[in-house]
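# Reading the structure
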Amino acid sequence: MRNEEVFQRVFWAFHHSIEGFKHCRPVLTIDGTHLYGKYKGTVMIVMGCDGNNQLFPLAFALIKSENVDNWEWFLAYIRNRVTQMRGLYVIFDRHPSIMVVFVDVYLVLMRLFFMTTSKECFM
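Calculation criteria
Each residue is numbered by its place in its chain's sequence as written, counting from 1. Totals for whole chains, interfaces and linings use all residues, but because this is a predicted model, local features are given only for residues with pLDDT of at least 70 and pairs of side-chain atoms are given and counted only at 80 or more. Only hydrogens and water are set aside when side-chain values are computed; all heavy atoms of the structure are taken into account. Residues are called lining when one of their atoms sits within 4 Å of a cavity or pocket point, these points coming from a 1 Å grid over the protein atoms alone, where a cavity is a set in which a 1.4 Å probe fits but cannot get out and a pocket is an open set with protein on both sides within 12 Å along at least five of seven lines. Grid points are joined across faces, edges and corners, and a volume is the space filled by probe spheres set on the points. Put simply, Ala, Val, Leu, Ile, Met, Phe, Trp, Tyr, Cys and Pro go in the nonpolar bin, Asp, Glu, Lys and Arg in the charged bin, and everything else, Gly too, in the polar bin. Geometry of aromatic contacts follows a simple scheme: Phe, Tyr and Trp rings, the Trp one being its six-membered ring, pair when their centres are within 6.5 Å, and the pair is stacked under 30 degrees between planes, edge-to-face over 60, tilted otherwise. Helix and strand definitions here come from DSSP, where helices need a minimum of 4 consecutive H or I residues and strands a minimum of 2 consecutive E residues; each element is numbered from the N-terminal end. Classification of residues uses two cut-offs on accessible area relative to the type maximum, computed with a 1.4 Å probe and protein chains only: under 20% is buried, over 50% is exposed, and between them is partly exposed. Patch definition: residues above 30% relative accessible area lacking any salt bridge, with like charges linked at up to 9 Å and the nonpolar side chains Val, Leu, Ile, Met, Phe, Trp and Tyr linked at up to 5 Å. To measure how exposed things are, a 1.4 Å probe is used in the Shrake-Rupley method; for residues, cover is taken only from the protein chains shown. The salt bridge definition used is simple: a Lys or Arg side-chain nitrogen within 4 Å of an Asp or Glu carboxyl oxygen. Each pair of strands is called paired provided DSSP finds at least two bridges between the two strands. Think of a nonpolar core as a cluster: buried Ala, Val, Leu, Ile, Met, Phe, Trp, Tyr and Cys residues, connected wherever their side-chain atoms sit within 4.5 Å.

### Let's talk about the layout of surface pockets
Each pocket or cavity is described by its volume, and for the largest pocket that value is around 170 Å³. As for the largest pocket, its lining consists of Val6, Phe7, Leu35, Tyr39, Lys40, Gly41, Leu62, Ile63 and Lys64. Taken together, the residues of the lining of the largest pocket break down into six nonpolar, one polar and two charged.

### Comments concerning the packing of aromatic side chains
The tally for this structure, following the rule as stated, stands at six aromatic pairs. Ring centres of Trp71 and Phe74 lie 5.8 Å apart, and the angle between their planes is 70°; on these two criteria the pair is classed as edge-to-face. Placement of the pair is Trp71 and Phe74 together in helix H2 (residues 68-82), with a separation of three residues, close to one helical turn. Trp71 sits in the buried class, given a relative accessible area of 0%.

### Quick word on a nonpolar patch on the surface
Among the surface-exposed residues, Phe7, Val10, Trp12 and Phe14 lie close enough to one another that they form a single nonpolar patch of about 370 Å² accessible area. Within the secondary structure layout, Phe7 lies in the segment before strand E1 (9-13). Classification of Phe7 as partly exposed rests on a relative accessible area of 42%.

### What about the pairing of strand E3 (residues 41-49)?
The buried count for E3 comes to seven of nine residues, which makes it a mostly enclosed element. Of the strand pairs in this sheet, strand E2 (residues 25-35) and E3 are connected by eight bridges, and their pairing is antiparallel. Note on E3: the bridge partner recorded for Thr29 is Met47. Hairpin connection between E2 and E3: a loop of five residues separates the two successive antiparallel strands, and Gly37 in this loop has a positive phi of roughly 110°. Summarising the sheet, E3 and strand E4 (residues 55-63) pair through eight bridges and their orientation is antiparallel. What sits directly across from Met44, in E4, is Ala61. Taking the residues between adjacent antiparallel strands as the criterion, E3 and E4 are bridged by five residues, where Asn53 takes a positive phi near 60°.

### Here's the deal with the pairing of E2
Note: E2 against strand E5 (residues 88-92), three bridges, orientation parallel. For Leu28, the partnering residue across the bridge sits in E5 and is Val90.

### A few points about the nonpolar core
One finds Phe11, Ile30, Val46, Leu58, Phe74 and Ile78 to be the most contacted residues of the largest nonpolar core, which totals 24 residues. Within the residue set of this core, elements represented by two or more residues are helix H1 (15-21), E2, E3, E4, H2, E5 and helix H3 (96-106). In terms of residues, this core owes the most to one element, H2, which gives six residues.

### What about the pattern of salt bridges?
A side chain of one charge can pair with a side chain of the opposite charge when the charged atoms of the two come close. Across all of its chains, the model carries one salt bridge by this definition. A salt bridge links Glu19 to Lys22, with the nearest nitrogen and oxygen atoms 3.1 Å apart. Take Glu19: its relative accessible area is 33%, and that puts it in the partly exposed class.

Written as structure tokens, this is what we have:
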């Protein structure tokens, strides 16, 4: 029997970003993008918005796939490790897994705004 270690997920946030977010607007943008090439998976990112309307990277994660468990894990790390600020506005792309997590856990903690798809913007 071989002993194999299998990558599941990793989260990181830089201390300077966490401290800097205290001076940003109470807006978070969360998204995930797929990795292509030799290494497969998804990169998750949460960004803030500074006083100059510039994106302010806060935290990142590498996961195997976007699903409810991984989004719940990522958002819990944001809440516990990055910011406990109440009344945050959150912008996201209505991915079904994110929707489930917000409805189940975070609805009372954050206000939700949805990004519309480009198709909806032009129809």
